[in-house]
Every structure is written in C-alpha cells, then in structure tokens.
Amino acid sequence: HLVDERIVGLKPKSISNEAAAAMPLTAITAYELLFARLDFVPNQVNDEADTPKPSILIMGAAGGVGSILTQLAKQLTNATVIGTASRPESQQWVKDLGADHVINHHKPLLEQLNVLGIDAVTHVISLTHTEQHYEQLVEVLAPQGKLALIDDPVNGLDVTALKVKSISLHWELMFTRAMFNTWDMQKQHDLLNHVSELIDNGTIKTTLGENFGIINSDNLKRAHAHIETNQAVGKIVLEGF
C-alpha cells in the first residue's frame, strides 16, 4: 500500500507499535491547531511588556486530541494551560500531562476561572460538545481572543455572538491538506517527525489510554461503546487481526 511521504513520519524509537499508533491523527490535529490555526510558534516566548501572557482553555483535555494538545501547549508555548475534565481519574490524567489548572466542564466555567485568579483567556480550543458550552466559551474569552474547534456542532453556531469581542473563529481538520493537495502538505511529515523526536527525548509521552486487543467485531464494538460513554481517557488502540 503506497502512502504519500508528505503525510507520514518516523515512528518514535522509544515506544511500542501500539503506543505509537495512538499518536499520528491526534498529533496532527493538535499540532495544526496550535501552530497553523492559532499561530503559536514552537518554543517562541513572547515576553513583550505590553503583551499579555497567552492562556489556553482546552475543552475535553482528557480525550485523544486533548491529551497530546495539553502536552504540546505546555511544552512548546509559554501559555497558561487550563484543561477541562469532569471525573477524578480524568482530571488527574490531565494534571499528569502538565496542565497548569484543571476545571470541570459540567460546572460554570467563568466562576472556576475566577477562583484561579483568571478573568478571561486569550484562546479556547473546543474539542467536543461545542454547542453545549458555546455561550460560556464566548463569555470566558478575552476581547480579540481566538476560538478554535474540531467537532461538528449539531445545530450550527451563531457566529454573530463573536462580533462584540472581535473574537476570531478557527476550524481544524487534519485531512484538509491531503484532501486538497495543498502546497504545504510536507508540514504534516515534518510535524510528525518533530513529535517523534519529542517522545524520544522525553519531552512528551504517548497518549495511549487503553489497548483493547486484536481487531475483531467484538473489540470494535467494545471500543466504540466505551468512546460513546464520553469517559474514555487518552486514545484507545486495537492491534493486529
């Protein structure tokens, strides 16, 4: 099977095949969110006195994309990273990934941020159930803030709600570059190799949550059922046939 070299990268040498399998799709999504859509620059610290330190609220930080996004944001930007998770085990997972703060997306967001001494955030990355939290996301974003999302809001979003604060909206789909054969497809190859280096040098770790065993109908059903509970932590992997 031939695969375009521009959309694949080297497997990390320090981890197993199943641990590596958890990474590519979510790593591309998270990396593009931060560095292509929201214009962060890896390892660039903005210390200008008149520029506020960035802060990123990650909605659904314990999931597959959230797990790698939290690590990349913490390790490669100077932003304050706030993740959301609702259960003790998922909250601990997000803390272990390096988040500065963890709050519960089932409770009022602004109140929890205020308790932390945070009046507003400069960036929100919403990974799931955006329509359920949309009004609150607009509320917690600072004027001229940025909202990024990857899910498909069931009834759409009223983008006019963003106008008063001049909030910009950013979509991420990791298939876009390959689907449209964009001029910068090579960037996915480059970022995957960068992620492999980060894993091998211990900067970040695999987001493998659970290995459900070989690929068969029973395990596929079990994996999907677990994902649909919205309680999955990290990425679920199946291997072999």
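Relevant structure appears above.
This report concerns the structure included in the present document.

Basis of the calculations
Residues numbered from 1 in each chain as written. Predicted model: local features only at pLDDT ≥ 70, side-chain atom pairs only at ≥ 80, totals over all residues. Heavy atoms only, no water. 1 Å grid on protein atoms, 1.4 Å probe; cavity = no way out; pocket = protein on both sides within 12 Å on 5 of 7 lines; lining within 4 Å. Points joined across faces, edges and corners; volume = space filled by probe spheres on them. Helix = DSSP H or I, 4+ residues; strand = E, 2+ residues; numbered from the N terminus. Nonpolar A, V, L, I, M, F, W, Y, C, P; charged D, E, K, R; others polar. Buried < 20%, exposed > 50% of the residue type's maximum accessible area, 1.4 Å probe, protein only. Axes fitted to C-alpha atoms, helices over the stretch in contact; angles between N-to-C directions. Parallel < 35°, antiparallel > 145°, perpendicular 65-115°, else oblique. Left-handed = near helix turned anticlockwise from the far one by under 90°. Contact = heavy atoms within 4.5 Å. Phe/Tyr/Trp six-rings, centres within 6.5 Å; stacked < 30°, edge-to-face > 60°. Lys NZ or Arg CZ within 6 Å of the ring centre and 35° of its normal. Pairing = 2+ DSSP bridges. Salt bridge = Lys/Arg side-chain N within 4 Å of Asp/Glu carboxyl O. Core = buried A, V, L, I, M, F, W, Y, C linked by side-chain atoms within 4.5 Å.

Moving on to the layout of surface pockets. Reported here for the largest pocket is a volume of approximately 1,300 Å³. Taken together, 48 residues form the lining of the largest pocket, with Gly 63, Gly 64, Leu 127, Thr 128 and Ile 227 sitting closest to its centre. For the lining of the largest pocket, the secondary-structure elements that each account for two or more residues are helix H2 (24-37), helix H3 (64-76), helix H6 (130-140), helix H9 (217-228) and strand S8 (235-237). For the lining of the largest pocket, the element with the highest residue contribution is H9, accounting for five residues. Its residues placed into classes, the lining of the largest pocket shows 21 nonpolar, 20 polar and seven charged.

Within the secondary structure, Arg 222 sits in helix H9. Residue class for Arg 222 comes out partly exposed when judged on its relative accessible area of 44%. Once the C-alpha coordinates of Arg 222 and Pro 42 are considered, the two residues, 180 residues apart in sequence, prove to be 38 Å apart.

The next thing to look at is the packing of H2 against H3. Between H2 and H3, whose axes approach to 8 Å, the crossing angle comes to 45°. Here H2 lies oblique to H3, going by the angle between them. For the crossing formed where H2 meets H3, the hand is right-handed. Counting all contacts with H2, which are made through Thr 26, Ala 27, Thr 29, Ala 30, Tyr 31, Leu 33, Leu 34 and Phe 35, the residues of H3 involved are Gly 64, Val 65, Ile 68, Leu 69, Leu 72, Ala 73 and Leu 76. Of the residues in the contact of H2 with H3, the class split is twelve nonpolar, three polar and no charged.

With that settled, the discussion passes to the packing of aromatic side chains. Counted according to the given criterion, the structure contains one aromatic pair. Here the guanidinium or amino end of Arg 222 rests over the ring plane of Phe 212, the centre of that ring lying 4.2 Å away.

In this section: the sheet that holds strand S5 (residues 141-149). Pairing in this open sheet of six strands is parallel, and the strands run S3-S2-S1-S4-S5-S6 from one edge to the other. Since the sheet does not close on itself, it has two edges, and those belong to strand S3 (101-103) and strand S6 (168-171), each with one partner. Within the sheet, the average angular offset between the axes of one strand and its neighbour, ignoring direction, is 20°. Packed on one face of the sheet, H6 meets strand S1 (55-59), strand S4 (121-126) and S5 and runs near 155° to S5.

Side chains carrying opposite charge are able to pair once their charged atoms draw close together. Counted according to the given criterion, the structure contains eight salt bridges. The closest approach of N and O atoms between Arg 177 and Glu 32, which form a salt bridge, is 2.7 Å. In this pair, Arg 177 is assigned in helix H7 (residues 176-179) and Glu 32 in helix H2, connecting sequence segments 145 residues apart. One salt bridge in this structure joins Arg 177 and Asp 184, with 2.9 Å as the shortest N-O distance. Under the relative-accessibility criterion, Arg 177 is labelled buried at 7%. Connected via shared salt-bridge partners are Glu 32, Arg 37, Glu 172, Arg 177 and Asp 184.

Within the fold, Thr 29 resides in helix H2. For Thr 29, a relative accessible area of 5% puts it in the buried group. Each residue touching Thr 29, except ones within four places of it in the same chain, is listed here: Val 65, Ile 150, Glu 172 and Met 174.

Attention now goes to the nonpolar core. Ranked by internal contacts, the top residues of the largest apolar core, which has 38 residues, are Leu 34, Ile 56, Leu 69, Leu 72 and Ile 125. For this core, the secondary structure elements donating two or more residues are helix H1 (17-21), H2, S1, H3 and helix H8 (186-200). Per-element tally for this core: the top contributor is H2, with seven residues. Counting residues in hydrophobic clusters, the runner-up holds 18 residues, among them Ile 103, Leu 109, Leu 113 and Val 121.

On the secondary structure map, Asp 119 appears in the loop between helix H5 (109-115) and S4. Overall, Asp 119 belongs to the exposed group, its relative accessible area being 64%. Counting along the chain gives 73 residues from Asp 119 to Leu 192, while the straight-line C-alpha distance between them is 35 Å. In contact with Asp 119, other than residues within four places in its own chain, are Leu 110 and Asn 114.

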